[in-house]
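Below are the chains, spelled out letter by letter.
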Amino acid sequence: RGGDNNSSTIIIPQTRRRNLVVLLVATALFNDMLQLTMLLPIIHTLVSSPPPLGVTTNKEVALGLFFASKDLCQMLFAPIAGILTSKTSANAALILSTVGLGLATFVFAEATTFRQLLIARGAQGAASAAVMCGGLSLIAETHPPDVRGAAMGLAQTGLAFGLLCGPLIGGLLFQRLGRKRTFRLAAGILIANAAGMVGLMGLAPPDRTAEERERGETVTKDDASLVASSKRLLSNRDILAVTASTLVVHAVVGVIKPISQVVLDAEFGMTMVKRSFVISIATVAYFITAPFSGWLSDRVSRPRLVALSLVLMSGSSAFFALRHLGIWAFYTCVALLGVALGVQKSSSQSLLADLVDKHELGEYSMAYALSDVADSLGLIIGPVVGLWLGQVFSHSVGVLAMGALCLLLAPVVLSIK
């Protein structure tokens, strides 16, 4: 993991080293989300292209498969990313995953068939899992509990900024440069980002906390130890409660995201541009809330903040059902969704690290791998179950069902000590 100061490194105060770690992780998360969302405004054009790059039949199915491939591969690779991070170091995982994301993006640029596009998208999802595991583990290792929340919150702003900028940058570059040059440029930026990480970490290696150095000296990394710590992790009630909160929050996001497009078009008659603006309200709310929530989580109970995020998300689903009162209700729904997501992500990630320390559950990376699985699973289950309920009953029933799960889980999270 992070190295200690020696004669070959620059002597930098500990606070600045920690700030550097946050900057590196925030940049990695920004680039990760940027690559994943640059595709949003252009993928329909690609799928509609003449074969073999596009498809002539079942375009909706092809689009669904394309977007699902990222979450599915991210979910499946997350445990492997956690193991690799624990076997090597969070530094190496962050750098190598950024390189992997760059290579996957380059494959996307050079793809000539829809199958190759699908493979590249899946590879991006796998690399994204490693970016999350490596980045969050690096922050947990280098920041003590009393400042860990603020660091997590600031790192999340990189992810939110990438989510906000990706569609705009992708659409503009695609229009001016075309697919190949757009994604070649994106791949080059990622490789340059990885090279910058190597240089900065070589000059000033991240400095682990004293507790983490002591734990690293006593914990072995053999397979038997890893299996034992993983079993303890999966049987820990508190860890499972926090992970479940991640799943249900993302299930609500997963069901509102596709249904909102239908509702805004059919019920409010909004154009695609206006619909994109409405959805961006959630991203802006997330961007603003994440750092504040992280700062707050260093001062108040983290379980309470996670429980608050669940209540806010259930409130978002309630306002979705009240949209017949006017467009203001839908705006409130989307804003609450962004706020809830910002509160949940920054506080739950800090809480997971606290629980790993408290219960001596081994590596942070395995806890973050489990959280990443829950994140992706929620984005898969939410649309499937929510849209099915929406077809059988109504759109509101599908969203309210996911929101009710959030409300039911809140007391469980509150019981964490």
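How each quantity is defined
- Residues numbered from 1 in each chain as written.
- Predicted model: local features only at pLDDT ≥ 70, side-chain atom pairs only at ≥ 80, totals over all residues.
- Heavy atoms only, no water.
- Helix = DSSP H or I, 4+ residues; strand = E, 2+ residues; numbered from the N terminus.
- Rg over C-alpha atoms; globule rule 2.2 N^0.38 Å.
- Buried < 20%, exposed > 50% of the residue type's maximum accessible area, 1.4 Å probe, protein only.
- Contact = heavy atoms within 4.5 Å.
- Areas by Shrake-Rupley, 256 points an atom, 1.4 Å probe, with all protein chains shown as cover.
- Expected span 1.5 Å × (residues − 1).
- Core = buried A, V, L, I, M, F, W, Y, C linked by side-chain atoms within 4.5 Å.
- Axes fitted to C-alpha atoms, helices over the stretch in contact; angles between N-to-C directions.
- Parallel < 35°, antiparallel > 145°, perpendicular 65-115°, else oblique.
- Left-handed = near helix turned anticlockwise from the far one by under 90°.
- Nonpolar A, V, L, I, M, F, W, Y, C, P; charged D, E, K, R; others polar.
- Phe/Tyr/Trp six-rings, centres within 6.5 Å; stacked < 30°, edge-to-face > 60°.
- Lys NZ or Arg CZ within 6 Å of the ring centre and 35° of its normal.
- Salt bridge = Lys/Arg side-chain N within 4 Å of Asp/Glu carboxyl O.
- Patch = residues over 30% accessible without salt bridge, like charges linked within 9 Å, V, L, I, M, F, W, Y side chains within 5 Å.
- pLDDT = per-residue confidence, 0-100.
- Polar contact = N/O pair within 3.5 Å; in protein donor to acceptor, adjacent residues only side chain to side chain.
- Disulfide = S-S within 2.5 Å.

1. What to know about the overall build of the protein
- Helix and strand content of the protein: 14 helices and 0 strands.
- In the protein, the succession of helices and strands from N to C terminus is α-α-α-α-α-α-α-α-α-α-α-α-α-α.
- Over its C-alpha trace the protein gives a radius of gyration of 21 Å, about what one expects of a compact globule, namely 22 Å for 417 residues.
- A principal-axis box enclosing the C-alpha atoms of the protein has dimensions of 65 × 50 × 35 Å.
- A total of 417 residues make up the protein; the buried ones form 55% of that total.
- Here the analysis covers contacts within the protein between residues at least 6 apart in sequence; of these, 86% occur between residues at least 24 apart.
- Surface exposure of the protein reaches about 17,400 Å², of which carbon and sulfur atoms provide 70%.

2. Remarks on helix 14 (residues 395-414)
- Taking 1.5 Å of rise per residue, 20 residues should cover 28 Å, and helix 14 covers 30 Å from first to last C-alpha, within 8% of that figure.
- Taken as a whole, helix 14 has its buried residues at Ser396, Gly398, Val399, Met402, Gly403, Cys406, Leu409, Ala410 and Val413.
- Tucked inside the fold, the buried residues of helix 14 contact helix 9 (237-266), helix 11 (302-321) and helix 13 (364-392).

3. Comments concerning the nonpolar core
- In this structure, Val25, Leu94, Leu310, Met313 and Tyr368 are the most contacted members of the largest nonpolar core, which totals 75 residues.
- Apart from the residues within four sequence positions on either side, Leu310 is in contact with Ser245, Val248, Val249, Cys406, Leu409, Ala410 and Val413.
- Counting 22 residues, the second largest nonpolar core, distinct from the first, contains Leu39, Val55, Leu63 and Phe114.

4. Points about helix 12 (residues 327-359)
- In this model helix 12 runs 47 Å from its N-terminal to its C-terminal C-alpha over 33 residues, within 8% of the 48 Å that 1.5 Å per residue would give.
- With respect to burial, helix 12 is a largely interior element, 24 of its 33 residues being buried.
- At the C-terminal side of helix 12, Glu360 shows a positive phi close to 50°.

5. Thoughts on the packing of helix 9 against helix 13
- It is the contact of helix 9 with helix 13, at a shortest axis distance of 6 Å, that shows an interaxial angle of 40°. If you check the angle between helix 9 and helix 13, you find them oblique. Relative to helix 13, the crossing made by helix 9 is right-handed. Facing helix 9, whose interface residues are Ile239, Thr243, Thr246, Leu247, His250, Ala251, Val253, Gly254, Val255, Pro258 and Ile259, helix 13 presents Leu370, Ser371, Ala374, Asp375, Leu377, Gly378, Leu379, Gly382, Pro383, Gly386 and Leu387.
- Of the residues assigned to the contact of helix 9 with helix 13, the class counts are 13 nonpolar, 8 polar and 1 charged.

6. Describing the packing of aromatic side chains
- In this structure the tally under the stated criterion is 8 aromatic pairs.
- Put simply, the rings of Phe30, Phe161 and Phe287 touch in pairs and so form one group of aromatic residues.
- Over the ring of Phe320 we find Arg323, and its NZ or CZ is 4.5 Å from the ring centre.

7. As for the pattern of salt bridges
- A complete count under the given rule lists 9 salt bridges for this structure.
- Residues Arg184 and Glu110 are paired through a salt bridge, measuring 2.5 Å at the closest nitrogen-oxygen approach. A residue pair is termed long-range when its members are at least 10 positions apart, and Arg184 in helix 6 (residues 145-203) and Glu110 in helix 4 (residues 90-110) qualify at 74 residues.
- Through salt bridges that share partners, Arg148, Asp298, Arg302, Asp354 and Asp357 make up one connected network.

8. Looking at unusual backbone geometry
- For the bond from Pro51 to Pro52, the omega torsion is 10°, close enough to zero to count as cis.
- Along the polypeptide, Pro52 turns up in the loop between helix 2 (43-47) and helix 3 (59-87).

9. With respect to the environment of Ile119
- Summarising the element assignment, Ile119 is placed in helix 5 (residues 114-142).
- Relative accessible area serves as the criterion here: at 55%, Ile119 is assigned to the exposed category.

10. Structural notes on a nonpolar patch on the surface
- Judged by side-chain polarity, Phe161, Leu164, Val284, Phe287 and Ile288 come together as a nonpolar surface patch covering roughly 410 Å² of accessible area.
- At the level of elements, helix 6 and helix 10 (272-297) are the ones that each hand at least two residues to the nonpolar patch.
- Looking at which element gives the most residues to the nonpolar patch, the answer is helix 10, with 3 residues.

11. Quick look at the confidence of the model for the protein
- On average, residues of the protein score 86 in pLDDT, and 91% of them are at 70 or above.
- When the elements of the protein are averaged for pLDDT, helix 7 (residues 210-218) gives the smallest value, 54, and helix 11 the largest, 96.
- The model gives residues 1-9 a pLDDT under 50, and that stretch makes 22 contacts with residues more than four places away or in other chains.

12. Some thoughts on the side chain of Thr243
- Note on placement: Thr243 falls in helix 9.
- A distance of 2.8 Å separates a polar side-chain atom of Thr243 from the backbone oxygen of Ile239.
- With near-sequence residues (within four places) excluded, Thr243 lies in contact with Leu370, Ser371 and Ala374.

13. Re the environment of Thr88
- Along the chain, the position of Thr88 falls in the loop between helix 3 and helix 4.
- On the accessibility criterion, Thr88 (45% relative accessible area) is partly exposed.
- Residues Thr88 and Leu312 lie 224 residues apart in sequence; the distance between their C-alpha atoms is 38 Å.
- Engagement of the side chain of Thr88 in a polar contact is seen with the backbone oxygen of Leu84, the distance being 2.6 Å.

14. Concerning the state of the cysteines
- Overall, the coordinates contain 0 disulfides when judged by the stated rule.
- Considering cysteine sulfurs only, Cys133 is the nearest to Cys73, which forms no disulfide, with 15 Å between them.

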